[in-house]
Amino acid sequence: MAEANTCNSFVTKWEDLRKRARSLETDVDVKLLSLNKLGASLGGVRGSALHQESNFGLDNVSLSRNTFEALSVDIQNLLDQLTNVNERMEELLRDSVYARNPASSHTMQRHREILQDYSHEFRRAQGNINVLLERELLMASSNAGICQINIGSDGLNNRRSDLFLKEHEHIKSSDKLLDDQIGLALSTKESLFVQRLGLKNISKKMTTLTKRYPAVHSLMQKIHVKKSRDAMVIAAVVSLCLILMFIYSVS
């Protein structure tokens, strides 16, 4: 029973941590998408705004940088929280009977890979946007001729960025759907495993009781035989005493 309770406690804590991890992963994905959109807008802004005016305003650059810094702080906080949850999951798995369970190990590995992918994507996006912001700051003092030269290539880059972002969203959606299905299957398997442990414990107890009952029965029989023997001895002693008293009284 204690083992079954331990397993149930593990499953409850494991599922809570998995839900928390997946929630954080979703939040990180949304923030990264916003960050990539910011990068795409910076990459394409010269093809639209600069086509109408010779300079990209410093105010717009400052606003974009503030947005970038706020998103970076939010994403870093989410990644730190996700790292903490993953570490707690690893510790919980390491100290449980599921440490060698392939399904649980696969789930843990999957969460590690997602964290690594998000961290890599975050660093890549940060680097790209920093470069874009510096370039836009320089372009704020450029003349209209230089801006016109870059209009065509920037528009093409913007369209490519949009296509890449859409493809990225599709891949992420498919990946999350697949992860949900795998998670459901793993949860079912873990539940069946817990039930199997419970039935195994019941079987052990039944076997123990079966072994104990013959021993108790045998002990009761021995006690009964000993009591009968003691009664016979006492009866014989009493009879002998009565006979001796009778003989003594007659003589």
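Residues numbered from 1 in each chain as written. Predicted model: local features only at pLDDT ≥ 70, side-chain atom pairs only at ≥ 80, totals over all residues. Heavy atoms only, no water.

The chain has the name Golgi SNAP receptor complex member 1 in an unreviewed UniProt entry, where Trichuris trichiura is given as its organism. In UniProt, the chain has this text filed under Sequence similarities (unreviewed entry): "Belongs to the GOSR1 family." (UniProt positions renumbered as here; feature names shortened; annotations may be inferred.)

Student: How should the overall build of the chain be read in this particular structure?
Tutor: Summing up its helical and strand segments, the chain has four helices and zero strands in all. In sequence order, the secondary structure elements of the chain are arranged as α-α-α-α. Residue burial in the chain is summarised as follows: out of 251 residues, 30% are buried. By sequence separation, contacts in the chain at least 24 residues apart represent 91% of the contacts at least 6 residues apart. Of the roughly 16,400 Å² that the chain leaves accessible, carbon and sulfur atoms contribute 61%. (Helix = DSSP H or I, 4+ residues; strand = E, 2+ residues; numbered from the N terminus. Buried < 20%, exposed > 50% of the residue type's maximum accessible area, 1.4 Å probe, protein only. Contact = heavy atoms within 4.5 Å. Areas by Shrake-Rupley, 256 points an atom, 1.4 Å probe, with all protein chains shown as cover.)

Student: I'm lost on the pattern of salt bridges in this one. Help?
Tutor: Opposite charge on two side chains lets them pair, provided their charged atoms get close. Evaluated as defined, the whole model comprises six salt bridges. With a closest N to O distance of 3.6 Å, R18 and E15 form a salt bridge. Taken together, the positions of R18 and E15, both in helix α1 (residues 2-52) and three residues apart, correspond to about one turn of that helix. Neither R18 nor E15 differs from the other in exposure class; each is buried. Notably, a salt bridge pairs E113 with R110, separated by 3.8 Å at the nearest N-O pair. One end of the pair, E113, and the other, R110, are both in helix α3 (residues 102-139), three residues apart, so they sit about a helical turn from each other. With a relative accessible area of 30%, E113 lands in the partly exposed category. (Salt bridge = Lys/Arg side-chain N within 4 Å of Asp/Glu carboxyl O.)

Student: Would you take a moment to explain the UniProt feature "coiled-coil region" (unreviewed entry) in the chain for this structure?
Tutor: UniProt records the feature "coiled-coil region" (unreviewed entry) at residues 68-95, using the numbering of this structure. Taken as a whole, residues 68-95 contains 96% helix and 0% strand, while its terminal C-alpha atoms sit 41 Å from one another.

Student: I'm lost on the nonpolar core in this one. Help?
Tutor: Note on soluble globular proteins: their nonpolar side chains tend to be buried together. Core analysis: the largest hydrophobic core is formed by 31 residues, its most contacted members being W14, L32, L35, L79, M89 and I129. Secondary structure elements with two or more residues in this core: α1, α2 (58-94) and α3. In terms of residue count, α1 provides more of this core than any other element does, eleven residues in total. (Core = buried A, V, L, I, M, F, W, Y, C linked by side-chain atoms within 4.5 Å.)

Student: Help me understand the environment of K176 in this model?
Tutor: Structurally, K176 is set in helix α4 (residues 144-250). Apart from residues no more than four positions distant in its own chain, K176 is found in contact with E25, T26, D29 and Y118.

Student: Help me out: how do you make sense of the layout of surface pockets in this one?
Tutor: In this approach the atoms are scanned with a rolling probe the size of a water molecule, which exposes any empty space left behind. By volume, the second largest pocket is sized at about 200 Å³. Contributing to the lining of the second largest pocket are 13 residues, with R110, I114, Y118, D175 and K176 lying nearest its centre. Counting residues per element, the ones that place at least two in the lining of the second largest pocket are α1, α3 and α4. The class makeup of the residues in the lining of the second largest pocket is three nonpolar, one polar and nine charged. (1 Å grid on protein atoms, 1.4 Å probe; cavity = no way out; pocket = protein on both sides within 12 Å on 5 of 7 lines; lining within 4 Å. Points joined across faces, edges and corners; volume = space filled by probe spheres on them. Nonpolar A, V, L, I, M, F, W, Y, C, P; charged D, E, K, R; others polar.)

Student: Teacher, can you tell me more about the side chain of E15 here?
Tutor: With relative accessibility at 18%, the residue E15 sits in the buried group. When residues no more than four places from it in sequence are discounted, the contact partners of E15 are S187 and E190.

Student: I tried to follow the environment of A185 on my own but got confused; where do I start?
Tutor: Structurally, the position occupied by A185 is in helix α4. Under the relative-accessibility criterion, A185 is labelled partly exposed at 47%. With 82 residues separating them in the primary sequence, A185 and A103 have C-alpha atoms 9.1 Å apart.

Student: Quick question: what am I supposed to make of the side chain of R18 here?
Tutor: According to the relative accessible area criterion, R18 is buried, its value standing at 5%. Apart from the residues lying within four places of it in its own chain, the contact partners of R18 are M89, T107, H111, G183 and S187.

Student: Would you take a moment to explain a nonpolar patch on the surface for this structure?
Tutor: The grouping of I234, V238, L242 and M245 at the surface amounts to a nonpolar patch, some 420 Å² of accessible area in total. Mapped onto the elements of the fold, I234 is located in helix α4. (Patch = residues over 30% accessible without salt bridge, like charges linked within 9 Å, V, L, I, M, F, W, Y side chains within 5 Å.)

Student: Hey, could you run me through the confidence of the model for the chain in this one?
Tutor: Keep in mind that low pLDDT regions are not for reading the predicted coordinates in detail. Chain-level pLDDT for the chain is 75 on average; 71% of the residues reach the 70-or-more range. When mean pLDDT is taken per element in the chain, α2 scores highest with 86 and α4 scores lowest with 71. Every residue in residues 45-56 is under pLDDT 50, and counting partners more than four places away or in other chains gives 30 contacts. A low-confidence stretch, residues 143-149 (pLDDT under 50), is modelled with seven contacts involving residues beyond four sequence positions or located in other chains. (pLDDT = per-residue confidence, 0-100.)

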